[in-house]
Amino acid sequence: MEIKSRTLEITILSAEDLRINNKPVKKNAFVVVWTDTCNYKSTKIDADGGSFPSWNDKLVMDMPLHTRFVTLQVKCMASGGGDKTVGVARIPVTDFIGGFYPETCLQFLSYRLRDPKGLKNGIVNVSVRVKEPLQACSSRAAASPIGIPVDGRKDFGVATGIPIWNGYPSSSLLTPFAWN
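Residues numbered from 1 in each chain as written. Predicted model: local features only at pLDDT ≥ 70, side-chain atom pairs only at ≥ 80, totals over all residues. Heavy atoms only, no water.

Asks: Sorry, what's going on with the overall build of the chain here?
Replies: Secondary structure summary: the chain contains one helix and ten strands in total. Mapped from its N terminus to its C terminus, the chain presents α and β elements in the order β-β-β-β-β-β-β-β-β-β-α. Sorting the 180 residues of the chain into buried and exposed places 36% on the buried side. Counting only contacts in the chain whose residues sit at least 6 apart along the sequence, the fraction spanning at least 24 positions is 62%. Of the accessible surface of the chain, which amounts to about 11600 Å², a share of 54% is contributed by carbon and sulfur atoms. (Helix = DSSP H or I, 4+ residues; strand = E, 2+ residues; numbered from the N terminus. Buried < 20%, exposed > 50% of the residue type's maximum accessible area, 1.4 Å probe, protein only. Contact = heavy atoms within 4.5 Å. Areas by Shrake-Rupley, 256 points an atom, 1.4 Å probe, with all protein chains shown as cover.)

Right under this line is the structure:
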């Protein structure tokens, strides 16, 4: 059986200092969480929190193995019935998978939001964990060493690298994916 996704449990806790056109959000904020172009869920609307909304909504979603970012879009219901994007945050999957803590460990994270112009616009607070960790590979694959022998030794060492980021292009922060 081939595993194509993991189960992600993400709780959208709250947000801080939300603004639209440099004015505080008055009410009706909510968050849409995207794990890929076809998989998204939304929190309930916080009708009273204003620019400091609180949801505490737990969303359980499938997260495909190819997912590199989980995208959070904070929105606000407009008086005309539509919605306006307040800000977007892209959470690298490596922030909660493959680090120092087990995947199933609950982690509390906060991310800066960027508005549609790419400017800083508040903070969103979440907790994340993988409910079902990726199953171990076959025993044959696990038995084969990974790495390169050093100085003719028979053991296979591990090298650790730290990625260096120059930053994201501002256009990649505006939409969760390539669509508009």
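Asks: Is there a simple way to think about the packing of aromatic side chains in this case?
Replies: Think of a pair of aromatic rings as described by two things: how far the centres are apart, and how the planes are tilted against each other in angle. Summed over the entire model, instances satisfying the criterion amount to one aromatic pair. Seen from their ring centres, Trp-34 and Tyr-40 are 4.5 Å apart, and the 35° between their planes marks the pair as tilted. Note that Arg-90 overlies the ring of Phe-69, its terminal NZ or CZ placed 4.1 Å from the centroid. (Phe/Tyr/Trp six-rings, centres within 6.5 Å; stacked < 30°, edge-to-face > 60°. Lys NZ or Arg CZ within 6 Å of the ring centre and 35° of its normal.)

Asks: Whenever I open this one, the pairing of strand 5 (residues 39-42) confuses me. Can you help?
Replies: Regular strands place their side chains on alternate faces of the sheet. Bridge count between strand 4 (residues 29-36) and strand 5: four bridges; the pairing is antiparallel. Note that in strand 5 the partner of Asp-36 across the bridge is Asn-39. Adjacent in sequence and paired antiparallel, strand 4 and strand 5 are bridged by two residues. (Pairing = 2+ DSSP bridges.)

Asks: In this structure, what is going on with the nonpolar core? I would like to understand it.
Replies: Here is a general trend for soluble globular proteins: nonpolar side chains tend to be buried in one another's company. Among the nonpolar cores identified, the biggest contains 30 residues, and Ile-10, Ile-12, Val-33, Val-70, Leu-72, Phe-96 and Val-126 are the most heavily contacted of them. Non-local contacts of Leu-72, meaning those with residues more than four positions away in its chain, are made with Ile-10, Ile-12, Val-31, Val-32, Val-33, Gly-87, Val-88, Ala-89, Ile-91, Val-124 and Val-126. (Core = buried A, V, L, I, M, F, W, Y, C linked by side-chain atoms within 4.5 Å.)

Asks: Help me understand the pattern of salt bridges, please; the structure alone is not making it clear to me.
Replies: Oppositely charged side chains can pair when the atoms bearing their charge come close. Inspection of every chain in the model, using the stated rule, returns four salt bridges. Between Arg-19 and Asp-17 there is a salt bridge; the shortest N-O distance is 3.3 Å. Given a relative accessible area of 28%, Arg-19 falls into the partly exposed group. You can call Asp-17 partly exposed: its relative accessible area is 35%. Close ionic contact of Lys-75 with Asp-83 constitutes a salt bridge, the shortest N to O distance being 3.4 Å. (Salt bridge = Lys/Arg side-chain N within 4 Å of Asp/Glu carboxyl O.)

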